[in-house]
Amino acid sequence: MSTTTGVDDDIRAAATAIEGAEQVCLACHVHPDGDALGSTLGLFHVLRAAGADVVASFPHPFLVAPHYRELPGLDLMVPPASFPEHPEVMATFDCGSLARLGDLGANAKAADTLIVVDHHVSNERYGTINVIDPAAAASGVLVRRLIGALGLELTRDAAVCLYAALVCDTGRFQYDTTTPAVFDLASELVEFDVPVSRLSRSLFEEHRFEYLQLVADVLHRAELCREQRFVWTAVTQADVARHGVTIDEAEGLIDILRRTAEAEVTCVLKEEADGVVRVSLRSLGDVDVSVLAQDFGGGGHKFAAGFNSSQPIPEIVARIRTHL
Ligand SMILES: [Mn+2]
């Protein structure tokens, strides 16, 4: 693991690369979450305000979950097809591996300089400059430090995006990662007129009625394996079709299921339109789910991890239970 000093050196190297670039190209992982989008857009806004030529994108499917739609700057992001094929300087955010960059992986490989900004312990260090600190509560924390190293000021839109990154990855300041430094950063950010309550409702609470009815269905058939302290459920294409919702809307479902008192490990499986199953795992800390996810070709953190599979859902669940 990098020491703090090592991370500082890497941040300085990243800042130097960005300062010397004609154009800076930013991207985050496929199916971006609040930290991925917030980190990417946070730096995007600051560089743009400084007059830099900056491009931001994320992989196909080029669509964000509804609860992120209030993040400023989403409309300025370009689809992967419009992203430079051979970036001079490219930076990726919250992305643990090239595979998680989807169709932007080729652009990353072709970049002259590739800066990887991330806090996943499983990060594969695929950049030429790797700014990786597993102790950071969010990738957004590292972006704030990078902005400092660039000698640039935060803007209001950057602050909103970085606040979203922080609040999403700390589970609204509830996870173990919520240190005094996290509150210090939150305090700095909310000085910039961040709409705290509206953002909180759109990020975490508000759903279409149709989605709540889907949740009722999938919670009803959730299975609790008491001896393994394991609870799981699945959302299939049939479910989303029946309720008229999109699979992206179900991103927060695991946060409801993980409230199960009897469960140490929680699992939600989501069947994508192409048949690929996205598997999300959460633990309370006795089980390191990043190890479990890595056994299936995925990655993540001790408490939150995931992987993709093309196996049938019952087989995936059986394999997870064998691992537990
Ligand atoms: Mn993150």
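1. A word on the domain arrangement of the protein chain
The accessible area lost on association of the parts is a frequent measure of interface size. For the protein chain, the assigned domains read domain 1 (4-203) and domain 2 (209-323). Centre-to-centre separation of domain 1 and domain 2, based on C-alpha positions: 26 Å. The largest share of the area that domain 1 buries against domain 2 comes from His31, Ser122 and Tyr175, three residues that together contribute 39% of it. At the junction of domain 1 and domain 2, the tally comes to four residue pairs in polar contact (both at pLDDT 80 or more). Residue composition of the side of domain 1 that touches domain 2, by class: seven nonpolar, five polar and two charged.

2. Concerning the sheet that holds strand β2 (residues 53-57)
With parallel pairing, the five strands of this open sheet are ordered in space as β2-β1-β3-β4-β5. Two strands bound the open sheet, and with one partner strand each, they are β2 and β5 (129-132). Strand-to-strand twist of the sheet, defined as the mean angle between neighbouring strand axes without regard to direction, takes the value 15 degrees. Where strand β1 (residues 23-28) and β2 come together, five bridges link them in parallel fashion. Note on β2: the bridge partner recorded for Cys25 is Val55. The sheet strands contacting helix α2 (residues 34-49) are β1, β2 and β3 (89-93), and the helix crosses β1 at an angle near 165 degrees. Against the sheet, helix α4 (residues 139-149) engages β3, β4 (113-118) and β5, with an angle of about 125 degrees to β4.

3. Regarding helix α7 (residues 196-205)
In an α-helix, one turn spans 3.6 residues, which is why side chains three or four residues apart end up on the same side. If you check which residues of α7 are buried, you get Leu199, Ser202 and Leu203. All buried residues of α7 project into a common sector of 90 degrees when viewed along the axis, lining one side. Packed against the buried residues of α7 are α5 (156-169).

4. A look at the pattern of salt bridges
Counted by the stated rule, this structure contains 16 salt bridges. The shortest N-O distance in the salt bridge between Glu188 and Arg144 comes to 2.8 Å. Residue Glu188 is found in helix α6 (residues 180-190), and its partner Arg144 is found in helix α4; the two are separated by 44 residues along the sequence. Owing to a relative accessible area of 29%, Glu188 belongs among the partly exposed residues under this scheme. For the salt bridge of Arg208 with Glu249, the shortest nitrogen-to-oxygen distance reads 2.8 Å. Of this pair, Arg208 sits in the loop between α7 and α8 (209-220) while Glu249 sits in the loop between α9 (237-243) and α10 (253-257), and the two are 41 residues apart along the sequence. Salt bridges here are not isolated pairs; linked through shared partners, they connect Asp217, Arg221, Asp239 and Arg242.

5. So, the coordination of the manganese ion
Here the manganese ion is held by Asp35 (OD), Asp94 (OD), His119 (NE2) and Asp169 (OD), and the distances to it run 2.1 to 2.3 Å. Here the donor residues for the manganese ion map to a single chain with the spacing D-x58-D-x24-H-x49-D. Of this pair, Asp35 sits in helix α2 while Asp94 is found in the loop between β3 and α3 (105-110), placing the two residues 59 residues apart along the sequence.

6. Some details on the sheet that holds strand β8 (residues 265-271)
Taken together, six strands build an open sheet; the order of strands is β6-β7-β8-β9-β11-β10 and the sheet is mixed. Pairing within the sheet leaves two strands with one partner each, and these edge strands are β6 (223-225) and β10 (299-300). Two strands pair when backbone bridges link them, and β8 and strand β9 (residues 277-283) are joined in this way by seven bridges, in the antiparallel orientation. Across the sheet, Leu269 pairs through a bridge with Val279, a residue of β9.

7. Focus on empty space enclosed by the protein
One pass over the full model with this rule turns up one cavity of 30 Å³ or more. What lines the largest cavity is simply His31, Pro32, Leu63, Val64, Ala65, Ile247, Asp248, Glu251, Lys270 and Arg278. A class-by-class count of the residues in the lining of the largest cavity yields five nonpolar, one polar and four charged. Lining the lining of the largest cavity are residues from two domains, each supplying at least three of them: domain 1 (4-203) and domain 2 (209-323).

8. Details of the nonpolar core
By size, the foremost hydrophobic cluster in this structure holds 60 residues, and its most contacted members are Ile18, Leu26, Leu37, Leu43, Ile115 and Leu146. If you tally residues by element for this core, the top one is α5, at ten residues. Residues in contact with Ile18, not counting those within four places in the same chain, are Val24, Leu43, Leu47, Val89, Ile115, Leu146 and Leu150. By size, the runner-up hydrophobic cluster in this structure holds 20 residues, among which are Cys225, Val277, Val289 and Ile320.

Analysis parameters
Residues numbered from 1 in each chain as written. Predicted model: local features only at pLDDT ≥ 70, side-chain atom pairs only at ≥ 80, totals over all residues. Heavy atoms only, no water. Domains from an automatic or database assignment. Buried area = accessible area lost by both parts, 1.4 Å probe. Polar contact = N/O pair within 3.5 Å; in protein donor to acceptor, adjacent residues only side chain to side chain. Nonpolar A, V, L, I, M, F, W, Y, C, P; charged D, E, K, R; others polar. Pairing = 2+ DSSP bridges. Helix = DSSP H or I, 4+ residues; strand = E, 2+ residues; numbered from the N terminus. Axes fitted to C-alpha atoms, helices over the stretch in contact; angles between N-to-C directions. Contact = heavy atoms within 4.5 Å. Buried < 20%, exposed > 50% of the residue type's maximum accessible area, 1.4 Å probe, protein only. Arc of directions from axis to C-beta. Salt bridge = Lys/Arg side-chain N within 4 Å of Asp/Glu carboxyl O. Donors = N, O, S within 2.8 Å, 3.2 Å for Na, K, Ca; no water. 1 Å grid on protein atoms, 1.4 Å probe; cavity = no way out; pocket = protein on both sides within 12 Å on 5 of 7 lines; lining within 4 Å. Points joined across faces, edges and corners; volume = space filled by probe spheres on them. Core = buried A, V, L, I, M, F, W, Y, C linked by side-chain atoms within 4.5 Å.

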